[in-house]
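The lines below spell out each chain.
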Amino acid sequence: MSLYDRLNLKKTNRKLKVPIWERINLERSTKTRCQSCRFHIQTNWRVCPNCGYLIAPKSKESRRCIWVDISGMGFIAQEKRAMLKEILADGFAKIFGAFRSVNVFLTSESPDSREWGEEFTHVYVFVTEEQVDYLGIASFSLGKVTSYAGVRIDNILNASYLVSLSSNQISNLIANTITHEIGHTLGLDHSGLPSDVMHDGLDHRIHSLMPPSFHLEQINLMNAAIRQYKS
């Protein structure tokens, strides 16, 4: 609040000749801080410029539902499923962290039709015998929300075993791949920065070493695409 706003200029005070120092509210207003990193922010900001935390409250009306569907993984060998379950749980936590400032509702369960109808993005994580050289694929329209993505979990695991990645590194690579494809469905194009989650061609030497994350411009672009779709 500015000094002018804290100065009481009511006519009654002028008539009573109240001294100016008694007409000024010298109590400093509490500065708003980001709930995530405690950085000083302004109340009209939507996203914290320091950590990317979403300041504006999320509501069902403004969110995009993202269903990460793992029902297509039935061909994974039984002896590998327990280990993969732990890796996926860790990977999903990293995916949720990457989208913490984006207006999305992420779920691994089939979306409730009464709440979402058909208004959600389906990310199908699957295994198939078809020989393809991609880890993931997604529908894409620049700056716009689209509805489909696919992730070849078997190709990710095969690539991981060939270079002997640890469980944590595998979860990073899975999380980066799924996050990358979701980013496309929220209107993000490829990035030229090799370490960026949206880089064209995820590299296990880089993207297995770090969990996925978006920079502020990407967060703003995704939220803008969601707002445009909702409107």
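Residues numbered from 1 in each chain as written. Predicted model: local features only at pLDDT ≥ 70, side-chain atom pairs only at ≥ 80, totals over all residues. Heavy atoms only, no water.

Draft legend 1. Main features of the nonpolar core. Among the nonpolar cores identified, the biggest contains 38 residues, and Phe 99, Ile 178, Ile 182, Leu 186 and Phe 214 are the most heavily contacted of them. When contributions to this core are tallied by element, the ones reaching two or more residues are strand S1 (64-72), helix H3 (78-98), strand S2 (104-107), strand S3 (120-126), strand S5 (148-152), helix H5 (153-162), helix H6 (167-185) and helix H8 (216-230). (Core = buried A, V, L, I, M, F, W, Y, C linked by side-chain atoms within 4.5 Å. Buried < 20%, exposed > 50% of the residue type's maximum accessible area, 1.4 Å probe, protein only. Helix = DSSP H or I, 4+ residues; strand = E, 2+ residues; numbered from the N terminus.)

Draft legend 2. Region of the structure containing the sheet that holds S1. The mixed open sheet is built from 5 strands, whose spatial order is S2-S1-S3-S5-S4. Edge positions in the open sheet fall to S2 and strand S4 (136-138), since each of these has one partner strand only. Adjacent strand axes in the sheet meet at a mean angle of 15°, parallel and antiparallel pairs treated alike. The pairing of S4 with S5 spans 3 bridges and is classified as antiparallel. For Gly 136, the partnering residue across the bridge sits in S5 and is Val 151. (Pairing = 2+ DSSP bridges. Axes fitted to C-alpha atoms, helices over the stretch in contact; angles between N-to-C directions.)

Draft legend 3. Spotlight on the packing of aromatic side chains. Counted under the stated rule, the structure contains 4 aromatic pairs. Looking at Arg 64, its charged tip hangs above the ring of Tyr 229, at a distance of 4.9 Å from the centre. (Phe/Tyr/Trp six-rings, centres within 6.5 Å; stacked < 30°, edge-to-face > 60°. Lys NZ or Arg CZ within 6 Å of the ring centre and 35° of its normal.)

Draft legend 4. Structural view of unusual backbone geometry. You will see that Ser 164, though not glycine, has its phi angle at about 55°, which is positive. Relative to the helices and strands, Ser 164 is located in the loop between H5 and H6.

Draft legend 5. Quick look at the environment of Thr 177. Locating Thr 177 in the fold gives a position in helix H6. Taking the C-alpha atoms as reference points, Thr 177 and Gly 201, separated by 24 residues in sequence, lie 9.6 Å from one another. Setting aside its immediate chain neighbours within four residues, Thr 177 contacts Leu 135, Gly 136, Val 151, Ile 156 and Leu 202. At 2.7 Å, the side chain of Thr 177 forms a polar contact with the backbone oxygen of Leu 173. (Contact = heavy atoms within 4.5 Å. Polar contact = N/O pair within 3.5 Å; in protein donor to acceptor, adjacent residues only side chain to side chain.)

Draft legend 6. Structural detail: the confidence of the model for the protein. When pLDDT is averaged across the protein, the result is 84; 76% of the residues are at 70 or more. Looking across the protein, the model is least confident in helix H1 (residues 11-15), with a mean pLDDT of 54, and most confident in H6, with 97. (pLDDT = per-residue confidence, 0-100.)

Draft legend 7. Region of interest: H8. Helix length check: H8, at 15 residues, gives a terminal C-alpha distance of 21 Å against a target of 21 Å (1.5 Å per residue), a fit within 8%. Buried within H8 we find Gln 218, Ile 219, Met 222, Asn 223, Ala 225 and Ile 226. Viewed end-on, H8 has its buried residues packed into an arc of 155°, placing them on one side of the element. At its buried positions, H8 is contacted by S1, S2 and H6. (Expected span 1.5 Å × (residues − 1). Arc of directions from axis to C-beta.)

Draft legend 8. Representation of H5. Looking at H5, one finds that the buried residues are Ile 153, Asp 154, Asn 155, Ile 156, Leu 157 and Ser 160. Positive backbone phi, at 55°, marks Ser 164, one or two positions downstream of H5.

Draft legend 9. Looking closely at the pairing of S5. Of all 5 residues in S5, 4 are buried, a share of seventy percent or more. In this structure, S3 lies alongside S5, joined through 5 bridges in parallel fashion. Looking across to S5, one finds that Val 123 is bridged to Ala 149.

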